[in-house]
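Spelled out, the chains give:
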Amino acid sequence: MAETTVTNWFGDLVSHPKVVVEAHSADDIVAIVKNPGQYPSPVRAIGSNHSTERCGIADGGTVIKMSQLDQVLDISNDTVTVEAGAIYIDIAKELEKHGLQFYVNTEIGNITAGSAACCGTKDASMPGELGQVGSYISRIKLVLPSGELLEVTDEQPGLMQKVRSSYGTFGVVYEATFRVRAIQPLSVHHETFHIEDFVRQFPALLARGESLMFYIFPYDNLVTVEFRHYTPGASGDPNRTIWPLRNYLWATAGPAVCAQASAEIDNADVRNGVLSSFNAWWRLKLENLIQSDNTVATDQIIRYPAISNSKYTFSFWAFPEDTYPQVLAAFFEFAQKYLATSGYRINMLCVGYRVAQDRSSLLSYSYDGNMITIDPVFTANAGWSEFLGAYNQFSSDRGGVPLMNQTFGLTRAMVQKARVTGCGRSPRLASPLIQAAAFSTNISVIFWRPRRRPAPKKTLSDGEGLCYRHRGINARSNTTS
Ligand SMILES: Cc1cc2nc3c(=O)[nH]c(=O)nc-3n(C[C@H](O)[C@H](O)[C@H](O)COP(=O)(O)OP(=O)(O)OC[C@H]3O[C@@H](n4cnc5c(N)ncnc54)[C@H](O)[C@@H]3O)c2cc1C
């Protein structure tokens, strides 16, 4: 059988599955996993393929595309149930018609419900809330590698923890239910700090009790802090302009300018001067234009076009909050030294998200406490992957925790170290399946069918009264009500 080529959205990660198949129902997925002759292992479901690491690769195997399973099935006062291929921004727009919003409003609108249910995500936690999308998913329906159906709910917290961090290795998610809330006015403003002031004032910044997200400028020694909180008392029409403005500059104009400058300007001093000027303009815009006490959280979500001339990619490491100011200052030195010695410069900027302690998933990077990320963002200008190799080592050496779908170029040793010192204590990795995922640097190999299919068991783990049903029914007819 001829191999096909599947690339991720950015275009840097390539997979050569033997078969690419579109699922239109849970029954289709059952039929696929039960027919290894036609659909060889490994089997990977993919959503919008926006991951920046090789978690969706299925070389020699089967890729199941989920994009046709995109229906919003049910909206109640505090939940929305969707098919796994539905994308975040479409669900958010549907919720808005009902006066509802997500708890976590990521910048990315293309993430699918299926991916959100079983992978890591990040957004700055709102006061008193969590910052990982999957933590607000209360019910997940999957097709297991055996072809059996499994429904997991918040009533089974131990099993939910495992599914939420399974990266597709547990089975194919075909439906998910999110907890949602009434729309509330959202306040946002920005302030810029020199890195030395940032380090000094960090405790005071935390004490403000707001959501904290950082735009990080390592070559200018500056950090612009985004402060957000809900303002239930705000009146009048919300400002619907500033988030689209932020989004256009961030997702369209920014990558275009930086990629063009990197490609066209040979003189390094001039090129770096242009990039620094862009960053200065970026700060000016954040500080002066992206300010309001009455915005709509949903407006933060961006629909990244499938085909675009302005794309960016990034990597991810999260660090314990109490060491973050020192790690960030060391990162500035590291990035500047790397530029001086190799000539490579991150050609956009970096971002950081403060994410609250969260034990909703077994491999949660904030399992042990509040974490803050340093995510370098670039248009893959020449030298980027070597830079990330060095940055991975920098981060691993400082107790950083990676994400299996968002940290580029991890080594097995880094994942193992993060397991011991960061996101994982061994008791949490009791499931061999999850352990395998955590130890593999190419987790796509994990979802193999069992050689002999055992009869369905009553429990999969923890003796938690699993909802493990053998039903040959169609997902759509099972869930609409
Ligand atoms: C431009 C850009 C901006 C981004 N911004 C953010 C951001 O603001 N916040 C954030 O958290 N992340 C962000 N990301 C990262 C992205 O959200 C995650 O990588 C996410 O997992 C992508 O979702 P997806 O649907 O494209 O998943 P894919 O990349 O298609 O898949 C991810 C993993 O999930 C598995 N999977 C997918 N669907 C299913 C299913 N139905 N059942 C079982 N397994 C499945 C795949 O096999 C794979 O292992 C961004 C990425 C890009 C490129």
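Model, not experiment: these values are computed from the prediction. (Residues numbered from 1 in each chain as written. Predicted model: local features only at pLDDT ≥ 70, side-chain atom pairs only at ≥ 80, totals over all residues.)

1. What about the overall build of the protein?
Phase 1 of the analysis: What the protein contains, in helices and strands, is twelve helices and 21 strands.
Phase 2 of the analysis: The proportion of buried residues among the 481 residues of the protein is 49%. (Helix = DSSP H or I, 4+ residues; strand = E, 2+ residues; numbered from the N terminus. Buried ≥ 20, exposed ≤ 12 C-beta atoms within 10 Å, placed from the backbone.)

2. Some remarks on the sheet that holds strand E4 (residues 43-46)
Phase 1 of the analysis: Across the sheet, three strands lie side by side as E3-E5-E4; this open sheet has parallel pairing. Only two strands of the sheet have a single neighbouring strand rather than two, namely strand E3 (19-22) and E4. Recorded for the sheet is a direction-independent mean angle of 25 degrees between the axes of neighbouring strands.
Phase 2 of the analysis: Bridge count for E4 against strand E5 (residues 62-65) is four bridges, and the pairing is parallel. The residue bridging Ala-45 from the neighbouring strand is Ile-64, located in E5.
Phase 3 of the analysis: Helix H1 (residues 26-33) rests against E3, E4 and E5 of the sheet, and its axis sits at about 180 degrees to E5. (Pairing = 2+ DSSP bridges. Axes fitted to C-alpha atoms, helices over the stretch in contact; angles between N-to-C directions. Contact = placed C-beta atoms within 7 Å.)

3. Some details on the site of the ligand
Phase 1 of the analysis: Around the ligand, the surrounding shell holds 36 residues, and the nearest of these are Gly-47, Ser-51, Gly-114, Thr-121 and Gly-168.
Phase 2 of the analysis: Elements supplying a minimum of two residues to the shell around the ligand: E4, helix H3 (113-118) and strand E11 (172-182).
Phase 3 of the analysis: Broken down by class, the residue content of the shell around the ligand amounts to 16 nonpolar, 16 polar and four charged. (Near = placed C-beta within 6 Å. Nonpolar A, V, L, I, M, F, W, Y, C, P; charged D, E, K, R; others polar.)

4. A closer look at the environment of Ala-31
Phase 1 of the analysis: Within the element layout of this structure, Ala-31 appears in helix H1.
Phase 2 of the analysis: Taking the C-alpha atoms as reference points, Ala-31 and Gly-147, separated by 116 residues in sequence, lie 7.5 Å from one another.

5. Focus: the environment of Thr-169
Phase 1 of the analysis: Within the fold, Thr-169 resides in the loop between helix H4 (157-164) and E11.
Phase 2 of the analysis: In sequence terms Thr-169 and Arg-44 are 125 residues apart; their C-alpha atoms lie 8.2 Å from each other.

6. Here's the deal with the packing of helix H6 (residues 242-264) against helix H7 (residues 268-288)
Phase 1 of the analysis: Where H6 contacts H7, the two axes come as close as 9 Å, and the packing angle between them is 165 degrees. On the basis of their axis angle, the class for H6 and H7 is roughly antiparallel. The chirality of how H6 crosses H7 is right-handed. Across the interface between the two elements, Leu-249, Val-257, Cys-258, Ala-261 and Ser-262 from H6 touch Arg-271, Val-274, Leu-275, Phe-278 and Lys-285 from H7.
Phase 2 of the analysis: Here the contact of H6 with H7 is built from residues that sort into seven nonpolar, one polar and two charged. (Parallel < 35°, antiparallel > 145°, perpendicular 65-115°, else oblique. Left-handed = near helix turned anticlockwise from the far one by under 90°.)

7. Topic: the environment of Pro-320
Phase 1 of the analysis: Checked against the element boundaries, Pro-320 lands in strand E17 (residues 318-320).
Phase 2 of the analysis: Put simply, Pro-320 and Gly-399 are 79 residues apart on the chain and 7.8 Å apart in space, counted from C-alpha to C-alpha.
Phase 3 of the analysis: When residues no more than four places from it in sequence are discounted, the contact partners of Pro-320 are Gly-369, Met-371 and Gly-399.

8. Things to note about the pairing of E11
Phase 1 of the analysis: For E11, the tally of buried residues reaches eight of eleven residues, placing the bulk of the element in the interior.
Phase 2 of the analysis: Looking at chain direction, strand E7 (residues 79-83) and E11 are connected through five bridges and run antiparallel. Paired with Glu-83 across the bridge in E11 is Glu-175.
Phase 3 of the analysis: Pairing of strand E9 (residues 137-143) with E11, which is carried by six bridges, proceeds in the antiparallel orientation. Paired with Ile-140 across the bridge in E11 is Ala-176.

9. Describing H1
Phase 1 of the analysis: All buried positions along H1 are accounted for by Ala-26, Ile-29, Val-30, Ile-32 and Val-33. Buried residues of H1, seen end-on, are gathered within an arc of 160 degrees and therefore sit on one face of the element. (Arc of directions from axis to C-beta.)

10. Remarks on the packing of helix H5 (residues 195-207) against helix H8 (residues 324-342)
The geometry of a pair of packed helices is captured by two quantities: the angle between their axes and the separation between those axes.
Phase 1 of the analysis: H8 packs onto H5 with a crossing angle of 170 degrees between their chain directions and a minimal axis gap of 9 Å. As far as their axial angle goes, H8 and H5 are roughly antiparallel. Contacts between H5 and H8 pair Ile-195, Phe-198, Val-199 and Phe-202 from the former with Pro-325, Leu-328, Ala-329 and Phe-332 from the latter.
Phase 2 of the analysis: Tallied by class, residues from the contact of H5 with H8 come to eight nonpolar, no polar and no charged.

11. Regarding unusual backbone geometry
Phase 1 of the analysis: Pro-42 follows Ser-41 through a cis peptide bond whose omega is -5 degrees.
Phase 2 of the analysis: Examined against the element boundaries, Pro-42 turns out to sit in the loop between H1 and E4.
Phase 3 of the analysis: Positive phi is not limited to glycine here, since Asn-221 has a value of about 60 degrees.
Phase 4 of the analysis: If you trace the backbone, Asn-221 turns up in the loop between strand E13 (211-217) and strand E14 (222-230).
Phase 5 of the analysis: Using a count of 16 C-beta atoms within 10 Å as the deciding quantity, one classes Asn-221 as partly exposed.
Phase 6 of the analysis: A positive phi is found at Ala-380, a non-glycine position, where the angle reads about 60 degrees.
Phase 7 of the analysis: Ala-380 gets classed as partly exposed once you count the C-beta atoms within 10 Å, which come to 16.

12. Quick word on the confidence of the model for the protein
Phase 1 of the analysis: This prediction gives the protein a mean pLDDT of 89; 87% of its residues lie at or above 70.
Phase 2 of the analysis: Counting interchain partners and residues more than four positions distant, the pLDDT-below-50 stretch residues 422-481 has 121 contacts. (pLDDT = per-residue confidence, 0-100.)

13. Some thoughts on the nonpolar core
Phase 1 of the analysis: Core analysis: the largest hydrophobic core is formed by 122 residues, its most contacted members being Ile-29, Ile-64, Val-143, Val-173, Tyr-174, Ala-176 and Ile-216.
Phase 2 of the analysis: Residues in contact with Ala-176, not counting those within four places in the same chain, are Val-82, Ala-84, Ala-113, Gly-114, Ala-117, Ile-137, Arg-139 and Ile-140. (Core = buried A, V, L, I, M, F, W, Y, C linked by C-beta atoms within 7 Å.)

14. Concerning helix H2 (residues 88-97)
Phase 1 of the analysis: Taken together, the buried positions of H2 are Tyr-88, Ile-91, Ala-92 and Leu-95. The arc that holds every buried residue of H2, seen down its axis, measures 100 degrees, which confines them to one face.
Phase 2 of the analysis: Immediately beyond the C-terminal end of H2, within one or two residues, lies Gly-99, with a positive phi of roughly 70 degrees.

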